[in-house]
Amino acid sequence: MLRQAPVFYFGSWIPSNKCGILGTEDIRMGRLPIPAPSSNGRKFALVCSDTNSFKRHEISCCAFKKSNHGGKKKREPLLQNADLPPVLPKKKKKPYPIPLKLIQKSARADKKLAQMGIEKPLEPPKNGLIIPELVPVAYEVLDNWKLLIKGLAQLCHVLPVHACSECSEIHIAQIGHDIQDCDGATNGKRSSFHSWIKGSINDVLVPIDSYHMYDPFGRRIKHETRFDYHRIPAVVELCIQAGVELPEYPSRRRSEPIRMLGRKVIANGGYVDEPKLTSPCSSTSGILELDTQGSLERFPPPDQSEVPKIAQETLHAYEKVRWGVTRLMRKYSVKACGYCSEVHVGPWGHNAKLCGEFKHQWRDGKHGWQDATVDEVFPANYVWHVKDPKGPPLRSALKRFYGKAPAVIEMCMQGGARVPNKYLPMMRVDIVVPEDEEARFVA
């Protein structure tokens, strides 16, 4: 039986010293030329296999990425589709943002210093002092927070928002979708279809409130004294503790750092009486602009010609707020409950017994505090992306072909804003949605 010689694919190579022609004997004895990489970004690999006692040599060609030297930034691969963050189960504690081993290692180091009588080294803002470099960032976040609320309130007048009355699902289109993913209390009677009602700005921008603390390093909030403190958006409280001055919500500014020995505060400048706060409703200043409550009544519907401009400004404000919150949370402590959505801005959480999630009876209603993430302070609230808002509703049979996007991004896109490229992979804008009879033929 005749044996067929292997086929070679090659570009540039170094010829042999004996001859430039490969014969059958050269292939058997392994006398192959040494391939050299070509200039078009390809490399060659010699692959040897032994089949039926006949040694075969093959040269395979593959593409590779050139390494950039000289301090050049590497080109990141462009993703076609990106998966959303996984939905965490409700009957389980949230994972720690910082690995548990690092937390235990830091605690052992602090305990060792305390046993030796050495104070814990603290840097701003861990020692109660503010960081002057982050004060302009806090003011920028607060200004864009006001623009974000104003823009969303105006867009809610012209873009329909649907919210499910049984669960937290929302949909931004002319009619609600028909995807059967409702997890409400009575979803069995409705075959997991949603019960759509008219939504509001609080459905698009999820309100995450926190207690305002005049002195974050002072007395903790107890369950009996929880009504003595105002609840304001967590983003606003973070900006106040980062250096923003609001007459309606004063904050203590320390001139001397606090001192800690282990987990015990040995010097904090003494406790001071907190000033009495006035009700925001009776205030004549712009404090109401910091909350979404009543924003639809404060801002009238815009003209149809101004909707694209408002949508673009709202999208820019959303990106600025998220960028600023991420930068502030790298330095300032924010705590979140590992079981519910409660957030507290400060070095440690409060003692109000308001947690009603998984195994709250074992904790007597107390929160399980841990370090918070950006999505817990400023949640994205992902919704289904609709390519044609005036078209037919989305269907469950084609759910795997649809993408998702943050609710603010989806609303601004339907208003005429240009979406940043980082959101396009999760929105799956390059996927053609097939018909029902074609979906089963798609791999």
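Before reading on, note that the structure itself is shown above.
Before going into details, it helps to say that this report is about the structure given with it. Note that this is a predicted model, so its numbers are computed, not measured.

### What to know about the overall build of the chain
Here comes step 1: Secondary structure assignment for the chain yields 11 helices and 14 strands.
Here comes step 2: Going through the 443 residues of the chain one by one, you find that 39% of them count as buried.
Here comes step 3: In the chain, 69% of the contacts between residues at least 6 apart in sequence involve partners at least 24 apart.
Here comes step 4: Counting every atom, the chain has about 27,100 Å² of accessible surface; 54% of that belongs to carbon and sulfur.

### Observations regarding the pattern of salt bridges
Here comes step 1: Within the structure shown, the criterion is met by 13 salt bridges.
Here comes step 2: A salt bridge links Glu 140 to Lys 320, with the nearest nitrogen and oxygen atoms 3.4 Å apart. Of this pair, Glu 140 sits in helix 3 (residues 135-158) while Lys 320 sits in helix 7 (residues 307-329); the two residues are 180 residues apart in sequence, bridging distant segments of the chain.
Here comes step 3: On the basis of relative accessible area, Glu 140 is assigned to the partly exposed category, the value being 28%.
Here comes step 4: One network of salt bridges, with partners in common, ties together Asp 215, Arg 252 and Arg 254.

### A look at the environment of Glu 119
Here comes step 1: In this structure, Glu 119 sits in the loop between helix 2 (100-115) and helix 3.
Here comes step 2: On the basis of relative accessibility, which here comes to 32%, the residue Glu 119 falls in the partly exposed class.
Here comes step 3: As for Glu 119 and Leu 261, which are separated by 142 residues in sequence, their C-alpha atoms are 4.7 Å apart.
Here comes step 4: Those residues in contact with Glu 119 that sit more than four places away from it in its chain are Arg 259, Met 260, Leu 261 and Ile 266.
Here comes step 5: A polar contact of 2.6 Å, which involves the side chain of Glu 119, links it to the side chain of Arg 259.

### So, the nonpolar core
Here comes step 1: In terms of nonpolar packing, the biggest core is built from 68 residues, with Trp 145, Leu 148, Val 325, Val 377 and Met 411 touching the most fellow members.
Here comes step 2: It is helix 3 that provides the largest number of residues to this core, a total of 11 residues.
Here comes step 3: Residues contacting Val 325, with those up to four places away along its chain left out, are Val 141, Val 235, Leu 238, Val 374 and Val 377.
Here comes step 4: Ala 173, Val 386, Phe 401 and Tyr 402 belong to the second-largest nonpolar core, a separate cluster that totals nine residues.

### A closer look at the environment of Ser 200
Here comes step 1: Structurally, Ser 200 can be placed in the loop between strand 5 (196-198) and helix 4 (201-204).
Here comes step 2: Assessed through its relative accessible area of 25%, Ser 200 is described here as partly exposed.
Here comes step 3: Residues Ser 200 and Ala 163, 37 residues apart in the sequence, show an inter-C-alpha distance of 8.1 Å.

### Topic: the packing of aromatic side chains
Here comes step 1: For the coordinates displayed, the defined rule picks out four aromatic pairs.
Here comes step 2: Ring centres of Tyr 318 and Phe 378 lie 5.4 Å apart, and the angle between their planes is 40°; this geometry places the pair in the tilted category. Of this pair, Tyr 318 sits in helix 7 while Phe 378 sits in the loop between helix 8 (374-377) and strand 13 (382-384), and the two are 60 residues apart along the sequence.
Here comes step 3: A network of ring pairs unites the aromatic residues Trp 145, Tyr 318 and Phe 378 as a single cluster.
Here comes step 4: The ring of Tyr 339 has Arg 363 lying over it, and the distance from NZ or CZ to the ring centre is 3.9 Å.
Here comes step 5: The positively charged end of Lys 404 is found above the aromatic ring belonging to Trp 384, 4.6 Å away from the centroid.

### What to know about unusual backbone geometry
Leave glycine aside and you will find that most residues have negative phi; peptide bonds, for their part, are mostly trans.
Here comes step 1: In this structure, Pro 125 follows Pro 124 across a cis peptide bond, with omega equal to 5°.
Here comes step 2: Mapping Pro 125 onto the fold places it in the loop between helix 2 and helix 3.
Here comes step 3: Residues other than glycine seldom take positive phi values, yet Asp 364 does so here, at roughly 60°.
Here comes step 4: Residue placement: Asp 364 occurs in the loop between strand 11 (343-345) and strand 12 (369-371).

### Considering the side chain of Glu 376
Here comes step 1: As for its placement among the helices and strands, Glu 376 is situated in helix 8.
Here comes step 2: Looking at Glu 376, its side chain comes within polar contact range of the side chain of Lys 94, at 3.3 Å.

### Points about the packing of helix 3 against helix 7
Here comes step 1: Packing of helix 3 against helix 7 leaves a shortest axis separation of 8 Å and a crossing angle of 145°. As for how helix 3 packs across helix 7, the hand of that crossing is left-handed.
Here comes step 2: Here the contact of helix 3 with helix 7 is composed, by residue class, of 18 nonpolar, five polar and three charged.

### A closer look at helix 2
Each α-helix turn comprises 3.6 residues. Residues three or four places apart therefore point the same way.
Here comes step 1: The end-to-end C-alpha distance of helix 2 is 23 Å, a good match for the 22 Å that 16 residues give at a rise of 1.5 Å each.
Here comes step 2: Count one or two residues on from helix 2 and you reach Gly 117, which has phi positive near 80°.

### Observations concerning the sheet that holds strand 12
Here comes step 1: Strand order in the open sheet made by the three strands is 11-10-12, with antiparallel pairing throughout. One side of each edge strand has no neighbouring strand; the edge strands of this open sheet are strand 11 and strand 12. Across this sheet, the average inter-strand angle for adjacent strands is 35°, counted without regard to direction.
Here comes step 2: As judged from the three bridges shared by strand 10 (residues 334-337) and strand 11, these two strands associate in the antiparallel manner. In the sheet register, Lys 335 faces strand 11, and the bridge partner there is His 344.

Procedures and definitions
- Residues numbered from 1 in each chain as written.
- Predicted model: local features only at pLDDT ≥ 70, side-chain atom pairs only at ≥ 80, totals over all residues.
- Heavy atoms only, no water.
- Helix = DSSP H or I, 4+ residues; strand = E, 2+ residues; numbered from the N terminus.
- Buried < 20%, exposed > 50% of the residue type's maximum accessible area, 1.4 Å probe, protein only.
- Contact = heavy atoms within 4.5 Å.
- Areas by Shrake-Rupley, 256 points an atom, 1.4 Å probe, with all protein chains shown as cover.
- Salt bridge = Lys/Arg side-chain N within 4 Å of Asp/Glu carboxyl O.
- Polar contact = N/O pair within 3.5 Å; in protein donor to acceptor, adjacent residues only side chain to side chain.
- Core = buried A, V, L, I, M, F, W, Y, C linked by side-chain atoms within 4.5 Å.
- Phe/Tyr/Trp six-rings, centres within 6.5 Å; stacked < 30°, edge-to-face > 60°.
- Lys NZ or Arg CZ within 6 Å of the ring centre and 35° of its normal.
- Axes fitted to C-alpha atoms, helices over the stretch in contact; angles between N-to-C directions.
- Left-handed = near helix turned anticlockwise from the far one by under 90°.
- Nonpolar A, V, L, I, M, F, W, Y, C, P; charged D, E, K, R; others polar.
- Expected span 1.5 Å × (residues − 1).
- Pairing = 2+ DSSP bridges.

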